Amino acid sequence: MKNELAKIYANTADAITKAETPEKIEEIRIECLGRKGALTAILRALKDLTAEERKTIGEEANKIRQKIESRLREKKIELERTSRESILKKEWIDVTRPGKQIKKGTLHPITQLLREAESIFASMGFATIEGPEVETEYYNFDALNIPENHPARDMWDTFWLKKLDNSEDRLLLRTHTSPMQIRYMESHNPPIRIIVPGRVYRYEATDASHDIQFYQLEGLMVDKNISIANFKAIIRLFFSRLFEKEITIRLRPSFFPFTEPSFEVDISCIICGQKGCSVCKQSGWLELAGAGMVHPNVFKAAGYNPKEVQGFAFGMGVNRIAMMKYKIPDIRLFHSGDLRFLKQF
Ligand code: DAH
């Protein structure tokens, strides 16, 4: 038995010396001192020995157990330290090294302009609302006093869509944001002060100033006594704040089916300050919006009594205004996805 003890000690000590991980140390401990371990077996067998043998072998076995336990402990501490060191070595970082610059995106110029416009109008009490880009023929045309076969429909070449069900109404990609005038008045009572920014579509040939898809900003103010004077004041303040300079407004008579009277809105040229330049074609004026007093038929279509309310509406081309503000020469750049363009904003 003494021999066996010596063998167990020698084998275990050897295994401890060779162990390379703390897990291995635990394995060795179980093999030797665990419930079914080699040394445990000897300690259990002591009871079958004579009193004399039990004393000497027992003492010896205990001494060996203590020695093995302390070697296991020391080796485990050593291995844990070296494995910590090796992790530190592997995962070491130099915090003083210059970092990699992460490329930041920027807001699209149209988004920037719309946010600014929304905040200027918000300061004058206008709520921003949005509407569907797929619109019905009724809201896009009929309700806005543009009946079928009316020559005014020619102003809006249109993308018609296939109908999905048997509904009466034909569907199209909206040609302007004006349909939201009707939709909003149908579900709200005056007083009304809203703007409607959004994407619109036209079926037409593209060039530097025409695209099949662009943004408009619609406005509508309705109450008992709203006049053109209110419109002029509001639109002048809007453009002055947007272009960050004093702007003069000029209204020219025009025609829109949904307003009466109707006018084109010109602003004093922001490039030359009315001295005459190529942008304003030497006229000193830039045409930036259409507007007018809401037509009685539009109020009727929305369920209002035109004798009780009046108000103005306007619609402006957002891309055109952004082109002025940021000096962009071609409208097609807006959705070109060209990074050389986008990175400038
Ligand atoms: N919807 C018109 C267009 O797309 C723009 C417009 C003109 C809107 C006059 C209006 C308005 O609300 O009163 O050309």
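Residues numbered from 1 in each chain as written. Predicted model: local features only at pLDDT ≥ 70, side-chain atom pairs only at ≥ 80, totals over all residues. Heavy atoms only, no water.

Novice: Which residues make up the overall build of the chain, and what values do they have?
Specialist: Of the regular secondary structure elements, the chain holds 11 helices and 10 strands. For a compact globule of 345 residues, the expected C-alpha radius of gyration is about 20 Å, and the chain comes in at 42 Å, more than 25% above that figure. In terms of overall dimensions, the chain has C-alpha extents of about 125 × 55 × 40 Å along its principal axes. Going through the 345 residues of the chain one by one, you find that 41% of them count as buried. As displayed, the chain offers around 20,500 Å² of accessible surface, 51% of which is attributable to carbon and sulfur atoms. Charged side chains in the chain number 53 positive and 47 negative. The centres of these two groups are separated by 7 Å. (Helix = DSSP H or I, 4+ residues; strand = E, 2+ residues; numbered from the N terminus. Rg over C-alpha atoms; globule rule 2.2 N^0.38 Å. Buried < 20%, exposed > 50% of the residue type's maximum accessible area, 1.4 Å probe, protein only. Areas by Shrake-Rupley, 256 points an atom, 1.4 Å probe, with all protein chains shown as cover. Lys, Arg positive; Asp, Glu negative; His and termini not counted. Charge placed at Lys NZ, Arg CZ, Asp CG, Glu CD.)

Novice: Outline a positive patch on the surface, listing residues and values.
Specialist: A surface patch of positive charge is lined by K2, K63, K67 and R71. When residues of the positive patch are assigned to their parent elements, the largest contribution, 3 residues, is made by helix 4 (residues 51-90). When you line up the elements, K2 lands in helix 1 (residues 2-18). (Patch = residues over 30% accessible without salt bridge, like charges linked within 9 Å, V, L, I, M, F, W, Y side chains within 5 Å. Salt bridge = Lys/Arg side-chain N within 4 Å of Asp/Glu carboxyl O.)

Novice: With reference to specific residues and values, describe the sheet that holds strand 4 (residues 171-173).
Specialist: Strands sit in the order 2-4-3 across an open sheet of 3 strands; the sheet is antiparallel. The open sheet has two free edges, formed respectively by strand 2 (134-136) and strand 3 (160-161), since each of these has just one partner strand. Note that strand 2 and strand 4 share 3 bridges and pair antiparallel. When the bridges of strand 4 are listed, E135 appears paired with L172. (Pairing = 2+ DSSP bridges.)

Novice: Could you give an account of the pairing of strand 10 (residues 310-317), with specific residues and numbers?
Specialist: Of the pairings in the sheet, the one linking strand 6 (residues 213-223) to strand 10 comprises 8 bridges and is antiparallel in character. Directly across from L217, in strand 10, lies its bridge partner M316. When strand 9 (residues 285-294) meets strand 10, the two strands line up antiparallel, connected through 5 bridges. Paired with A289 across the two strands is M316, which belongs to strand 10.

Novice: Residues and numbers for unusual backbone geometry, please.
Specialist: Here the bond from P190 into P191 is cis, since omega is 5°, no more than 30 degrees from zero. Unlike most non-glycine residues, K327 shows phi in positive territory, near 55°. Inspection of the secondary structure assignment puts K327 in the loop between helix 10 (318-326) and helix 11 (339-342).

Novice: Break down the domain arrangement of the chain for me, citing the residues and quoting the values.
Specialist: You can read the domains of the chain as domain 1 (2-90) and domain 2 (109-342). Between the C-alpha centres of domain 1 and domain 2 there is a distance of 88 Å. (Domains from an automatic or database assignment.)

Novice: Give a detailed account of the sheet that holds strand 1 (residues 127-128), specifying residues and quantitative values.
Specialist: Spatial ordering of the open sheet is given by 1-5-6-10-9-8-7, a layout of 7 strands whose pairing is mixed. Each end of this open sheet is capped by a strand with a single partner; those strands are strand 1 and strand 7 (249-256). Sheet topology places strand 1 next to strand 5 (residues 192-201); 2 bridges connect them, and they run parallel. Opposite A127, over in strand 5, you have I194 as the bridge partner.

Novice: Can you tell me about the packing of aromatic side chains, naming the residues and giving the values?
Specialist: Going through the model one piece at a time under the given rule, you end up with 17 aromatic pairs. For the pair F334 and F341, a centre-to-centre distance of 6.1 Å together with 85° between the ring planes defines the contact as edge-to-face. The two residues F334 and F341 agree in class, both being buried. Taken together, the aromatic side chains of F121, F126, F231, F238, F239, F243, F263, F312 and F314 make up a single cluster linked through ring pairs. Above the ring of W160, the side-chain terminus of R170 is found at 3.9 Å from the ring centroid. Against the face of Y139 rests R183, its NZ or CZ located 4.0 Å from the ring centre. (Phe/Tyr/Trp six-rings, centres within 6.5 Å; stacked < 30°, edge-to-face > 60°. Lys NZ or Arg CZ within 6 Å of the ring centre and 35° of its normal.)

Novice: I'd love a proper account of the site of the ligand, names of residues and values included.
Specialist: If you check the shell around the ligand, you find 16 residues, and the closest are H176, S178, R202, Q216 and E218. Here a nitrogen atom of the ligand sits 2.9 Å away from a polar atom, N or O, in the side chain of H176. Backbone polar atom of A313 to an oxygen atom of the ligand: 3.1 Å apart, as the coordinates give it. Within the complex, the protein chains bury 92% of what would otherwise be the 350 Å² of accessible surface of the ligand. Applying the majority rule of atoms within 2 Å of the grid points places the ligand in the largest pocket. (Near = heavy atom within 4 Å. Polar contact = N/O pair within 3.5 Å; in protein donor to acceptor, adjacent residues only side chain to side chain. 1 Å grid on protein atoms, 1.4 Å probe; cavity = no way out; pocket = protein on both sides within 12 Å on 5 of 7 lines; lining within 4 Å. Sits in = over half its atoms within 2 Å of the grid points.)

Novice: Mind laying out helix 4, listing which residues take part and the relevant values?
Specialist: Compared with the 58 Å implied by 1.5 Å per residue over 40 residues, the 57 Å span of helix 4 between its first and last C-alpha is a close match. Along helix 4, the positions that sit buried rather than exposed are I57, G58, A61, I64, I68, L72, K75 and L79. Buried residues in helix 4 make contact with helix 1, helix 2 (22-33) and helix 3 (38-45). (Expected span 1.5 Å × (residues − 1). Contact = heavy atoms within 4.5 Å.)

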